[in-house]
There are 2 protein chains.
Amino acid sequence: MSAQPEALIFDVFGTIVDWRSGIAAACKEAFERKQIDHDPHRFADLWRDEYQPAMERIRSGGRGYVALDILHRENLDRVLDKTGLAPRFNAAERDTLNHAWEQLPPWADSVAALQILKQRFIIAPCSNGSIALMTRLAKFGGLPWDAILGAEIARDYKPRAQVYLASCAALGLEPSRVMMVAAHNDDLEAAAAAGLRTGFFPRAQEYGAAQKTDLEPSQDWDLVSSDMTGFASTLLNAPV
Amino acid sequence: MSAQPEALIFDVFGTIVDWRSGIAAACKEAFERKQIDHDPHRFADLWRDEYQPAMERIRSGGRGYVALDILHRENLDRVLDKTGLAPRFNAAERDTLNHAWEQLPPWADSVAALQILKQRFIIAPCSNGSIALMTRLAKFGGLPWDAILGAEIARDYKPRAQVYLASCAALGLEPSRVMMVAAHNDDLEAAAAAGLRTGFFPRAQEYGAAQKTDLEPSQDWDLVSSDMTGFASTLLNAPV
């Protein structure tokens, strides 16, 4: 890798925070309160399954930009319908459950690694989450971002090139001066196609013990590490 | 004041950072290197004098949104012309001098007060500075913002209502849940008209020892303190 990037922009759901455990924990609590017998991890997976289709309706141009908070809330309605749990949750209870997306635990190494990287680089999320969602998530988990970039800046959703490019432009940087960091190969494929640098480390437990995807880099990304701590120290010790 | 706000958004130039001392210091260094005999504080004032007219060309609709970094650079050209110093600075030297806006010293109490306020509130700049400028200024001075809001989110300039409203909307909050904090009464007048709460403390040295404006609140703002430290402790100790 030649001269170092000036900024690192990060995928968040899965790369920085453990969305599945966080959503499952919130569902478990809600289900227990209502004496509902339903596997909370299964519910979390079903909720997340609605994520890509909901964004695709926007990416395809069929619908204008709507913040992810609202898509999550709509998706919750769908999953409650599909699981037959709809009669058990009124609107206020659904709103409350939807706020679980603002309170997801960072992976154990995320905060320390971000603090290290922040010493030398501008660090910001480039997530499909809204500014409101990313701001509250950062406050909940202590994520020390320098700015909040991503989908809302671009008013479109990853992997559309505009999301990466608008995030670089908001920092006044050419894409070649920015590294997209993600535990998801498809995110990096899109960022690389838009001219950004790429950094990868796996999050092998994102989908639980049986995960089969994104365990390895699919390409020769600019920087690959086996975990985020190693990623941060490699980048910080690389020649400027 | 009734229930507390959830977020505080801040004016930055003058309220959080001492732009005049910072710009004058950068000019002094540049002038000394070139053996130019010109009062650097006078030059800083002239540069800032171009600020409102440049934004007004955008606010009036005569020009589309252009980031403040570019306006500052154009304004520098104007001031160099007016002072007869234009022949002494080539384009690269002007670019370098323009970066002084990214390296302005916070007032002595700003960082500690923001750290206190960050414990309870979402804190973000609502400045006319761009995301790139605000991000670098925060990194330079250690300003612990939770997000970067303001003009670029709205693609317009204060005191247009849209800048305050877009900043609230980006946090998913009604204006009544957000307090605009500034050492400038006109900023608060515009924010109050847009439905936000208002907080004021003076920065009596912003324009130097002879300053005559904004030494006192012009109205009964929601919270008024004599300094930022007092402002922070009053707000933090107010009933929730």
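Looking at an unreviewed UniProt entry, chain A carries the name 2-haloalkanoic acid dehalogenase, type II, with the source organism given as Hoeflea phototrophica.

K.L.:
In this structure, what is going on with the overall build of chain A? I would like to understand it.
P.N.:
When you go through chain A residue by residue, the secondary structure sums to 11 helices and six strands. Relative to the compact-globule value of 18 Å for 240 residues, chain A shows a C-alpha radius of gyration of 18 Å, a close match. Along the first, second and third principal axes, the C-alpha atoms of chain A reach 60 × 35 × 30 Å. Looking at chain A as a whole, 57% of its 240 residues are labelled buried. Partitioning the contacts of chain A with sequence separation of at least 6, the portion at a separation of at least 24 is 68%. For chain A, the accessible area works out to roughly 9800 Å², and carbon and sulfur atoms hold 50% of it. Once the 25 positive and 32 negative side-chain charges of chain A are each reduced to a mean point, those two points are 4 Å apart.

K.L.:
Would you explain the sheet that holds strand β6 (residues 223-224) of chain A in this entry?
P.N.:
Within a beta sheet, neighbouring strands are joined by backbone hydrogen bonds and run either parallel or antiparallel to one another. All names here are of chain A. Read across the sheet, six strands follow the order β3-β2-β1-β4-β5-β6 without closing on themselves; strand pairing throughout is parallel. Each having just a single partner strand, β3 (149-150) and β6 make up the two edges of the open sheet. Note: strand β1 (residues 7-10) against strand β2 (residues 122-127), four bridges, orientation parallel. Within β2, the residue paired with Leu-8 across the bridge is Ile-123.

K.L.:
I keep staring at the sheet that holds strand β1 (residues 7-10) of chain B and nothing clicks. Help me out?
P.N.:
Residue and element names in this part refer to chain B. The strand order across the open sheet built from six strands is β3-β2-β1-β4-β5-β6, with neighbouring strands paired in parallel fashion. In this open sheet, the two strands that pair with only one neighbour each are β3 (149-150) and β6 (223-224). Looking at chain direction, strand β4 (residues 178-182) and strand β5 (residues 197-200) are connected through four bridges and run parallel. Paired with Met-179 across the strands is Arg-197, a residue of β5.

K.L.:
How should I be thinking about helix α9 (residues 161-170) of chain B in this particular structure?
P.N.:
Since the α-helix turns once every 3.6 residues, residues separated by three or four places project in the same direction. For α9 of chain B, the full list of buried residues reads Val-163, Tyr-164, Ala-166, Ser-167, Cys-168 and Ala-170 of chain B. Downstream of α9 of chain B by one or two residues, Gly-172 of chain B has phi in the positive range, about 70°.

K.L.:
Just to check I follow, could you spell out the environment of Arg-78 of chain A for this structure?
P.N.:
Residues and elements named next belong to chain A. Along the chain, Arg-78 falls in helix α4 (residues 68-82). Accessibility expressed as a relative area gives 34% for Arg-78, which makes it partly exposed. When the C-alpha atoms of Arg-78 and Asn-90 are compared, they prove to be 14 Å apart, with 12 residues separating the residues in sequence. Setting aside chain neighbours within four positions, we find Arg-78 in contact with Glu-50 and Arg-57.

K.L.:
Quick question: what am I supposed to make of the interface of chain B and chain A here?
P.N.:
Interfaces are often described in size by the accessible area the parts lose on coming together. Counting residues at the interface gives 20 residues for chain B and 20 residues for chain A. Of the roughly 1500 Å² buried at the junction of chain B and chain A (both faces included), carbon and sulfur atoms supply 56%. The tally of links between chain B and chain A comes to four salt bridges. A salt bridge links Asp-146 of chain A to Lys-139 of chain B; the nearest nitrogen and oxygen atoms lie 2.6 Å apart. The interface formed by chain B and chain A contains 12 residue pairs in polar contact (both at pLDDT 80 or more). With five residues, helix α7 (residues 131-141) of chain B is the single largest residue contributor to the side of chain B that touches chain A. The residue makeup of the side of chain B that touches chain A, split by class, is 12 nonpolar, two polar and six charged.

Parameters at a glance
- Residues numbered from 1 in each chain as written.
- Chains lettered and ligands numbered in written order.
- Predicted model: local features only at pLDDT ≥ 70, side-chain atom pairs only at ≥ 80, totals over all residues.
- Heavy atoms only, no water.
- Helix = DSSP H or I, 4+ residues; strand = E, 2+ residues; numbered from the N terminus.
- Rg over C-alpha atoms; globule rule 2.2 N^0.38 Å.
- Buried < 20%, exposed > 50% of the residue type's maximum accessible area, 1.4 Å probe, protein only.
- Contact = heavy atoms within 4.5 Å.
- Areas by Shrake-Rupley, 256 points an atom, 1.4 Å probe, with all protein chains shown as cover.
- Lys, Arg positive; Asp, Glu negative; His and termini not counted.
- Charge placed at Lys NZ, Arg CZ, Asp CG, Glu CD.
- Pairing = 2+ DSSP bridges.
- Buried area = accessible area lost by both parts, 1.4 Å probe.
- Salt bridge = Lys/Arg side-chain N within 4 Å of Asp/Glu carboxyl O.
- Polar contact = N/O pair within 3.5 Å; in protein donor to acceptor, adjacent residues only side chain to side chain.
- Nonpolar A, V, L, I, M, F, W, Y, C, P; charged D, E, K, R; others polar.

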